[in-house]
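Below are the chains, spelled out letter by letter.
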Amino acid sequence: MTTGYAVTGMTCGHCATSVTNELNRVPGVETVSVDVEGGTVTIGSTTALDDEAVRAAVDEAGYQLTGKI
Ligand code: 9UX
């Protein structure tokens, strides 16, 4: 399955790398696709994700998860 999230604060490619690295630590995450321009992150996973774990990972990277898309 894929789940999309709105993430604010990402402005360059290094932002995308940072948030991807943190999200890859979340249990169940298989793939991470970041659209910096659009402010979205799409995560592929085998099972439903723990949204709070995703939120915490985004926060840890220094960005803000503002909702699902
Ligand atoms: Mo790029 Mo992102 O220099 O927080 S890493 S703006």
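Residues numbered from 1 in each chain as written. Predicted model: local features only at pLDDT ≥ 70, side-chain atom pairs only at ≥ 80, totals over all residues.

An unreviewed UniProt entry annotates the chain as Heavy metal transport/detoxification protein of Stackebrandtia nassauensis.

A. Quick look at the overall build of the chain. Counting its secondary structure elements, the chain contains two helices and four strands. When the elements of the chain are put in sequence order from the N terminus, they spell out β-α-β-β-α-β. A compact globule built from 69 residues would reach a C-alpha radius of gyration of about 11 Å, and the chain, at 10 Å, matches this within 12%. Counting only C-alpha atoms, the chain reaches 30 × 20 × 20 Å along its principal axes. Here the chain holds 69 residues, and 25% of them are scored as buried. (Helix = DSSP H or I, 4+ residues; strand = E, 2+ residues; numbered from the N terminus. Rg over C-alpha atoms; globule rule 2.2 N^0.38 Å. Buried ≥ 20, exposed ≤ 12 C-beta atoms within 10 Å, placed from the backbone.)

B. Region of interest: the UniProt feature "domain: HMA" (unreviewed entry) in the chain. Here, UniProt's "domain: HMA" (unreviewed entry) annotation points to residues 1-66. The span residues 1-66 is 33% helical and 35% strand by assignment, and the distance between its end C-alpha atoms comes to 20 Å. (UniProt positions renumbered as here; feature names shortened; annotations may be inferred.)

C. Inspection of the environment of Gly67 at higher detail. Along the chain, the position of Gly67 falls in strand S4 (residues 64-68). Looking at Gly67, the number of C-beta atoms within 10 Å reads 9, which means it is exposed. Along the sequence, Gly67 and Arg55 sit 12 residues apart, while their C-alpha atoms lie 9.3 Å from each other.

D. Summary view of the site of the ligand. All residues adjacent to the ligand are Thr11, Cys12, His14, Cys15 and Gly62. A per-class count over the shell around the ligand returns two nonpolar, three polar and no charged. (Near = placed C-beta within 6 Å. Nonpolar A, V, L, I, M, F, W, Y, C, P; charged D, E, K, R; others polar.)

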